[in-house]
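What follows is the residue order along each chain.
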Amino acid sequence: MKIIRTIAEMQEQMLRLKSEGISIGYVPTMGFLHEGHMSLMERARQENEAVVLSIFVNPLQFGPNEDLDAYPRDFDRDHSVAESQGVDYIFYPSAEEMYPKDASVQVSVVDRTKVLCGKSRPGHFDGVATVLIKLFNIVQPTRAYFGLKDAQQVAVVDGLIKDFNFPIELIPVDTVREEDGLAKSSRNVYLIGEEREQAVELSKSLQLARTAIQGGERNPLKIVDMMMRHINKNTSGKVDYIEIYSYPELQSLETLTGKIIIAMAVKFSKARLIDNIILNVE
Ligand code: AMP
């Protein structure tokens, strides 16, 4: 496994692979790897001849009052996780390497970002799109693997790949959960005391919604209201949003039908957790 820190060397290595006709599976991450990231690497390993993992905590996608400095980092551990998953290259650039000067072009994502995390984290997806355009040009992958835990990100990347004609196949991967149902996240380490037990209520409320829909409920307001009450009753967290849209278009629905996403964000004292389920409603 090679660790590469410069864009020039990464591009050189990737061009060499491409000239030999080798398929490249790419997993972009911010590090502090867990089983969610591992399932992406595993899938990339199965489907490609070479696997690239990038670890970059992208300052552009953090708002001024968010957790950029506190974001958990442990390169040594990530290194052994990547090695155990059969990763061939880790791209591990510094912020100076990725952003050596002020930008002369800015990217603005105008669709699929007015709701959910796009609404509560202004500029977040512009930062995600900017770094991904750069990373896609650096890595030039055949396939890129993204987790459905960040389903809005998958929807934005789908638009980005299509609008900018990247010759990349987007592979969405299901959310990996703890045994009790909590979605794995690098940010779960911020949960303090009882918050860890309470955090399971996010996935429980999503399961309540699923059961209600299976039982015939089609009114999104009723489902959201039920979930809101569940979270407020069972946790000390503050609901940032609980919303239901069509997926991946993220359009409002008066009646639940077709492919839908039920998504939520809840703020605990130090951690803001997100979770979602995607359902096909008859
Ligand atoms: P991050 O390091 O949080 O930026 O995540 C890197 C990639 O891993 C993103 O595509 C995430 O959606 C994905 N990911 C994070 N947590 C999970 C999870 N619990 N299950 C599946 N994929 C995940």
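Residues numbered from 1 in each chain as written. Predicted model: local features only at pLDDT ≥ 70, side-chain atom pairs only at ≥ 80, totals over all residues. Heavy atoms only, no water.

(A) How the structure looks around the packing of aromatic side chains. Scanning the entire structure with this criterion turns up 4 aromatic pairs. Between F56 and Y99, the aromatic rings sit 6.1 Å apart at their centres with planes inclined by 45°, giving tilted as the arrangement. Highlighted residues: F56 in the loop between β3 (50–55) and α3 (75–84) and Y99 in the loop between α4 (95–98) and α5 (116–120), separated in sequence by 43 residues. On the basis of an interplanar angle of 70° and a centroid distance of 5.3 Å, the ring pair of F136 and F166 is categorised as edge-to-face. (Phe/Tyr/Trp six-rings, centres within 6.5 Å; stacked < 30°, edge-to-face > 60°. Helix = DSSP H or I, 4+ residues; strand = E, 2+ residues; numbered from the N terminus.)

(B) Spatial organisation of helix α6 (residues 124–139). The end-to-end C-alpha distance of α6 is 22 Å, a good match for the 22 Å that 16 residues give at a rise of 1.5 Å each. The element α6 is largely enclosed, with a buried count of 13 among its 16 residues. Backbone geometry just after α6 places Q140 at a positive phi near 50°. (Expected span 1.5 Å × (residues − 1). Buried < 20%, exposed > 50% of the residue type's maximum accessible area, 1.4 Å probe, protein only.)

(C) Inspection of the domain arrangement of the protein at higher detail. The domains assigned to the protein are domain 1 (2–173) and domain 2 (186–281). Put simply, the middle of domain 1 and the middle of domain 2, counted by C-alpha atoms, are 26 Å apart. In this assembly, domain 1 packs against domain 2 so that about 1,700 Å² is buried in total across both faces, 57% of it on carbon and sulfur atoms. The largest share of the area that domain 1 buries against domain 2 comes from R112, L116 and K149, three residues that together contribute 30% of it. Inspection of the domain 1/domain 2 interface yields 1 salt bridge. Between D67 and R187 there is a salt bridge whose closest N-O contact spans 2.9 Å. The tally of links from domain 1 across to domain 2 stands at 13 residue pairs in polar contact (both at pLDDT 80 or more). Elements represented by at least two residues in the side of domain 1 that touches domain 2 include exactly α5 and α7 (151–163). Here the element with the most residues in the side of domain 1 that touches domain 2 is α7; it accounts for 4 residues. For the side of domain 1 that touches domain 2, the class distribution of residues is 12 nonpolar, 5 polar and 5 charged. (Domains from an automatic or database assignment. Buried area = accessible area lost by both parts, 1.4 Å probe. Salt bridge = Lys/Arg side-chain N within 4 Å of Asp/Glu carboxyl O. Polar contact = N/O pair within 3.5 Å; in protein donor to acceptor, adjacent residues only side chain to side chain. Nonpolar A, V, L, I, M, F, W, Y, C, P; charged D, E, K, R; others polar.)

(D) Looking closely at helix α1 (residues 7–19). Taking 1.5 Å of rise per residue, the 13 residues of α1 would be expected to cover 18 Å, and the 18 Å separating its terminal C-alpha atoms lies within 8% of that figure. Within α1 the residues assigned to the buried category are I7, M10, Q13, M14 and L17. One side of α1 holds all its buried residues, which, seen down the axis, span an arc of 135°. For α1, the exposed residues lying more than 90 degrees away from the buried face are A8, E12 and S19. Turning to α1, the residues buried within the fold contact β1 (2–4), β2 (24–29), β3, β4 (89–91), α4 and α6. Looking one or two residues past α1, G21 carries a phi angle of roughly 75°, positive in sign. (Arc of directions from axis to C-beta. Contact = heavy atoms within 4.5 Å.)

(E) Representation of the pattern of salt bridges. For the structure on display, the rule yields 15 salt bridges. The partner of K162 in a salt bridge is D158, with the nearest N and O atoms 2.9 Å apart. Residue K162 and its partner D158 are located together in helix α7, separated by 4 residues, close to a single helical turn. Taking the relative accessible area as the measure of exposure, K162 reaches 56% and is therefore exposed. Residues joined in a network through salt bridges with shared partners are E35, E178 and K184.

(F) Highlighting the sheet that holds strand β9 (residues 272–281). The strand order across the open sheet formed by 3 strands is β7-β8-β9, and the pairing between neighbours is antiparallel. Each edge of the sheet is formed by a strand with only one pairing partner; in this case those strands are β7 (238–246) and β9. On average, each strand axis in the sheet is tilted by 10° relative to the strand beside it, whichever way the strands run. Sheet topology note: the strand β8 (residues 258–267)/β9 ladder contains 10 bridges and is antiparallel. Along β9, the bridge assignment pairs G258 with V281. Strands β8 and β9 of the sheet are contacted by helix α9 (residues 200–214), whose axis makes an angle of about 20° with β9. (Pairing = 2+ DSSP bridges. Axes fitted to C-alpha atoms, helices over the stretch in contact; angles between N-to-C directions.)

(G) Layout of the site of the ligand. Around the ligand, the structure places 17 residues, and the nearest of them are M30, G147, D150, V176 and K184. One of the side-chain nitrogen or oxygen atoms of D150 is found 2.6 Å away from an oxygen atom of the ligand. Contact between the ligand and V176: a nitrogen atom at 2.8 Å from a main-chain N or O atom of the residue. Coverage of the ligand by the protein amounts to 93% of the 490 Å² it exposes when considered alone. Mapped onto the shell around the ligand, the elements with two or more residues apiece are β2, α2 (35–47) and β5 (143–147). Residue composition of the shell around the ligand, by class: 6 nonpolar, 7 polar and 4 charged. (Near = heavy atom within 4 Å. Areas by Shrake-Rupley, 256 points an atom, 1.4 Å probe, with all protein chains shown as cover.)

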